[in-house]
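Structural overview
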Amino acid sequence: MFSDPFGPDSSVPHSSTEIKPTDEDVVRALFEIEKATSKPPELDSSITVVGNQPLRSRSTSWLRRVMFILMFTTLAATFGQQWLGFSSRKPIYGPATRSPVNSTRQADAERLLGQLAASKSGAGDEVLAHSAEWTGNTHRSPKADQSILTALNLPDMHSREAALAAELALDAVPQNEAGLSLLKEALGDPGQRVWALWMLGALGNRGVDPEHTVKILESYLADPDVNVRASAVNGLSLAGTDETVLPMLDRFRNDPSPVVQERAACGLAQSGMYTREQRMTAAASMVGWLDDSLLTPQQRVWSFQALRDISGQDHGTDSAAWRVWYESTR
């Protein structure tokens, strides 16, 4: 459903990093363009000055409209993709040292992952049973990545768990203390930190010292880098423990970045590895915040969308109706 622009490329050395605009850059650029497109004061001259460059009013208006449409489309696609489920924009790096690929196991992995993505009965059990054999003997491929991404967006939590186990295996992260040590070491490398935070959540979900992994993830929630904070939030949503619900709500409510706010709302509402009961815990807070004047308009939009995803109902922006719904579930 989504492409992964950070997928592996065997022609690029592991240490290379492609510079890409972040979601925060997109948000900031949209705000700047929105200001630039606001109607200027009336002038006697037919010339409009932008910066130090004089442009004809008609040309300027046309150019601004094109820029605004392009930027709005980019932003809408970014948030739209992320809200539908697990973001496909997480970087994928993996360990710097890999063992040779076992072609037979690689083929088996891709076959089973294809069955998992197609929701074939028993595929999740098969992936979980064989993923340990893939660790260190397989690697990511476009085919495997697409199947994993599809499985992570399935409503069946068992399929999502199998997809996380497969991700760990294909990135050569063993599901034990050795894997935890590997990821903790990777956190020290800024080029691997975002990847490591995602994988820490996956490892905690698979039962490897979840209490410790959650504490590590929480330590990055105040990082100055918005992408690191967003990845820590993603990791918490993957860990999916009861203890992570409150930090997720806090980041939705109090993080200064709309990117992090959106990831927290999405993780609590639809993606992530939370149970129905855990999501209802989040819904209680969101219902209580609907009429809070300190909530930004965008946070209100995300709150209503989260409640629709959690409840399966649509009361629009009627705060009173949402409160009635929540009270009826208690």
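Reference entry: report on the structure contained in this document. (Residues numbered from 1 in each chain as written. Predicted model: local features only at pLDDT ≥ 70, side-chain atom pairs only at ≥ 80, totals over all residues. Heavy atoms only, no water.)

**Considering the environment of serine 131**
By secondary structure assignment, the location of serine 131 is in helix α4 (residues 123-134). Note: C-alpha distance between serine 131 and alanine 109 (22 residues apart in sequence) is 7.8 Å. (Helix = DSSP H or I, 4+ residues; strand = E, 2+ residues; numbered from the N terminus.)

**Re the packing of helix α3 (residues 103-117) against helix α5 (residues 142-152)**
For the pair α3 and α5, interaxial distance at closest approach is 8 Å and the crossing angle is 30 degrees. By the angle between their directions, the pair α3 and α5 is classed as roughly parallel. The handedness of the crossing between α3 and α5 comes out as left-handed. Between α3 and α5, the contacting residues are Glu110, Leu113, Gly114, Leu116 and Ala117 on the first element and Lys143, Ala144, Ser147, Ile148, Thr150 and Ala151 on the second. Taken together, the residues of the contact of α3 with α5 sort by class into 6 nonpolar, 3 polar and 2 charged. (Axes fitted to C-alpha atoms, helices over the stretch in contact; angles between N-to-C directions. Parallel < 35°, antiparallel > 145°, perpendicular 65-115°, else oblique. Left-handed = near helix turned anticlockwise from the far one by under 90°. Contact = heavy atoms within 4.5 Å. Nonpolar A, V, L, I, M, F, W, Y, C, P; charged D, E, K, R; others polar.)

**Some remarks on helix α13 (residues 276-289)**
The end-to-end C-alpha distance of α13 is 20 Å, a good match for the 20 Å that 14 residues give at a rise of 1.5 Å each. Among all positions of α13, only Gln278, Arg279, Met280, Ala282, Ala283, Met286, Val287 and Trp289 are buried. For α13, the elements touching its buried residues are α6 (157-170), α11 (245-254), α12 (258-269), α14 (297-311) and α15 (319-329). (Expected span 1.5 Å × (residues − 1). Buried < 20%, exposed > 50% of the residue type's maximum accessible area, 1.4 Å probe, protein only.)

**Regarding the packing of α13 against α14**
Here α13 crosses α14 at 145 degrees, and the two axes come no closer than 10 Å. Here α13 runs over α14; the crossing is left-handed. Each of Arg276, Arg279, Met280, Ala283, Met286 and Val287 in α13 lies in contact with α14, whose residues at this interface are Ser303, Ala306, Leu307, Ile310 and Ser311. Broken down by class, the residue content of the contact of α13 with α14 amounts to 7 nonpolar, 2 polar and 2 charged.

**So, the pattern of salt bridges**
On inspection of all chains with the given rule, the structure shows 12 salt bridges. Close ionic contact of aspartate 171 with arginine 140 constitutes a salt bridge, the shortest N to O distance being 2.8 Å. Taken together, the residues aspartate 171 in the loop between α6 and α7 (177-186) and arginine 140 in the loop between α4 and α5 connect sequence positions 31 residues apart. Just as aspartate 171 is buried, arginine 140 falls in that class too. Among the salt bridges present, the one from glutamate 211 reaches lysine 215, with a minimum N-O distance of 3.8 Å. Taken together, the residues glutamate 211 and lysine 215, both in helix α9 (residues 210-218) and 4 residues apart, mark about one turn of the helix. Considered together, glutamate 211 and lysine 215 belong to a single accessibility category, that of exposed residues. Taken together, the shared-partner salt bridges in this structure form one network comprising Arg140, Asp145, Glu167 and Asp171. (Salt bridge = Lys/Arg side-chain N within 4 Å of Asp/Glu carboxyl O.)

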